[in-house]
Amino acid sequence: PNATIPVWVYTNAVSVRLVLNGKWITPPYTVTQFRYAKFDVPYAPGTLEAVGFGAEGEKWARTAVVTSGSPARLVASLLWNGCDGAGIGASIENNVALVQVDVQDGEGHFVPTAKPMIRFEILSSEGSAPASIVGVGNGDPSSHEPDRAQQRSAFAGRAVA
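Since we're looking at a predicted model, the values are computed, not measured.

With respect to the overall build of the protein
Stage number 1. The helix and strand tally for the protein stands at zero helices and twelve strands.
Stage number 2. What you see in the protein, going N to C, is helices and strands ordered as β-β-β-β-β-β-β-β-β-β-β-β.
Stage number 3. Over its C-alpha atoms the protein spans a radius of gyration of 21 Å, topping by over 25% the 15 Å that the globule rule assigns to 161 residues.
Stage number 4. The burial tally for the protein puts 29% of its 161 residues in the buried class.
Stage number 5. Taking the contacts inside the protein whose residues are at least 6 apart along the sequence as the reference set, 54% of them involve residues at least 24 apart.
Stage number 6. Counting only carbon and sulfur atoms, one obtains 55% of the accessible surface of the protein, whose full area is about 10900 Å².

Some details on the packing of aromatic side chains
Stage number 1. Per the counting criterion, the structure on display carries four aromatic pairs.
Stage number 2. Each member of the aromatic cluster is reached from another via a ring pair, and the members are Trp8, Tyr10 and Tyr36.

Quick word on the sheet that holds strand β9 (residues 98–104)
Stage number 1. Ordered by their spatial adjacency, three strands build an open sheet running β8-β9-β12, and the pairing between neighbours is antiparallel. The open sheet terminates on both sides in strands that have one partner only, identified here as β8 (73–80) and β12 (158–160). On average, each strand axis in the sheet is tilted by 25 degrees relative to the strand beside it, whichever way the strands run.
Stage number 2. Direction of pairing for β8 relative to β9: antiparallel, over a ladder of seven bridges. If you follow Ser77 over to β9, its bridge partner there is Gln100.

A closer look at the environment of Pro141
Stage number 1. Residue position: Pro141 is located in the loop between β10 (117–119) and β11 (151–153).
Stage number 2. In sequence terms Pro141 and Val19 are 122 residues apart; their C-alpha atoms lie 33 Å from each other.

Details of the pattern of salt bridges
Stage number 1. According to the stated counting rule, one finds four salt bridges in the structure shown.
Stage number 2. In this structure, Asp40 engages Lys38 in a salt bridge whose closest nitrogen and oxygen atoms are separated by 3.1 Å.
Stage number 3. By relative accessible area, which is 33% here, Lys38 ends up partly exposed.

Topic: unusual backbone geometry
Stage number 1. The phi torsion at Asn21 lies on the positive side, around 55 degrees, for a residue other than glycine.
Stage number 2. Relative accessible area serves as the criterion here: at 41%, Asn21 is assigned to the partly exposed category.
Stage number 3. One non-glycine residue, Ala156, lies in the positive phi region at around 55 degrees.

Observations concerning the environment of Val19
Stage number 1. Position of Val19 relative to the elements: it lies in strand β2 (residues 15–20).
Stage number 2. Spatially, the C-alpha atom of Val19 lies 28 Å from that of Phe155, the residues being 136 residues apart in sequence.
Stage number 3. Filtering out sequence-adjacent residues up to four positions away, Val19 remains in contact with Trp24, Thr47, Leu48, Glu49, Val51 and Arg62.

Overview of the side chain of Gln104
Stage number 1. Structurally, Gln104 can be placed in strand β9.
Stage number 2. Residues in contact with Gln104, not counting those within four places in the same chain, are Ser70, Pro71, Ala72, Arg73, Val75, His109, Phe110 and Val111.

Regarding a nonpolar patch on the surface
Stage number 1. On the surface, a nonpolar cluster with roughly 370 Å² of combined accessible area is contributed by Leu79, Trp80, Val96 and Leu98.
Stage number 2. With respect to the helices and strands, Leu79 occurs in strand β8.
Stage number 3. By relative accessible area, which is 46% here, Leu79 ends up partly exposed.

Things to note about the environment of Phe34
Stage number 1. Structurally, Phe34 is set in the loop between β4 (29–30) and β5 (36–42).
Stage number 2. Put simply, Phe34 and Asn12 are 22 residues apart on the chain and 9.3 Å apart in space, counted from C-alpha to C-alpha.

Parameters at a glance
Residues numbered from 1 in each chain as written. Predicted model: local features only at pLDDT ≥ 70, side-chain atom pairs only at ≥ 80, totals over all residues. Heavy atoms only, no water. Helix = DSSP H or I, 4+ residues; strand = E, 2+ residues; numbered from the N terminus. Rg over C-alpha atoms; globule rule 2.2 N^0.38 Å. Buried < 20%, exposed > 50% of the residue type's maximum accessible area, 1.4 Å probe, protein only. Contact = heavy atoms within 4.5 Å. Areas by Shrake-Rupley, 256 points an atom, 1.4 Å probe, with all protein chains shown as cover. Phe/Tyr/Trp six-rings, centres within 6.5 Å; stacked < 30°, edge-to-face > 60°. Pairing = 2+ DSSP bridges. Axes fitted to C-alpha atoms, helices over the stretch in contact; angles between N-to-C directions. Salt bridge = Lys/Arg side-chain N within 4 Å of Asp/Glu carboxyl O. Patch = residues over 30% accessible without salt bridge, like charges linked within 9 Å, V, L, I, M, F, W, Y side chains within 5 Å.

The following block contains the structure:
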């Protein structure tokens with residue numbers, strides 16, 4: 001298909017250009033006073049990079065997104081442990097941890113369109129403190145799923161417990 005995709009780049013650079021699969025696809029665009037540039041880009045799978053430039057044309061920053069494949073795995077990461085960096089330990093009462101689960105494809109790329117139901121479970125080891133899941137979420141303001149549950153569908157490829 002001949003689809004074009006709106007691409008918004010938020011930056012503090014003076015100008016920005018886009019690179020699609022190693023080829024420059026836009027001329028330098030002077031960033032607006034609101035610190036963004038908007039492009040309409042013909043869709044093509046691969047890697048889309050935004051390159052920010054300074055006033056003298058020097059490269060300031062670069063970021064990229066990659067077309068993802070089908071969802072293949074869930075990857076959990078600790079976002080916050082509620083202990084001022086001291087870690088989660090059995091000696092501290094009322095520990096709280098915020099765990100994010102991202103959906104990835106077989107190559108480890110984030111899949112922002114994935115919406116699988118994710119079931120959360122705590123696996124305890126011998127001698128560990130008792131634990132429970134106190135809530136789940138996904139950032140979807142239109143979701144009617146309960147916040148106090150053991151599962152949550154991903155929204156934009158992500159869920160939290």
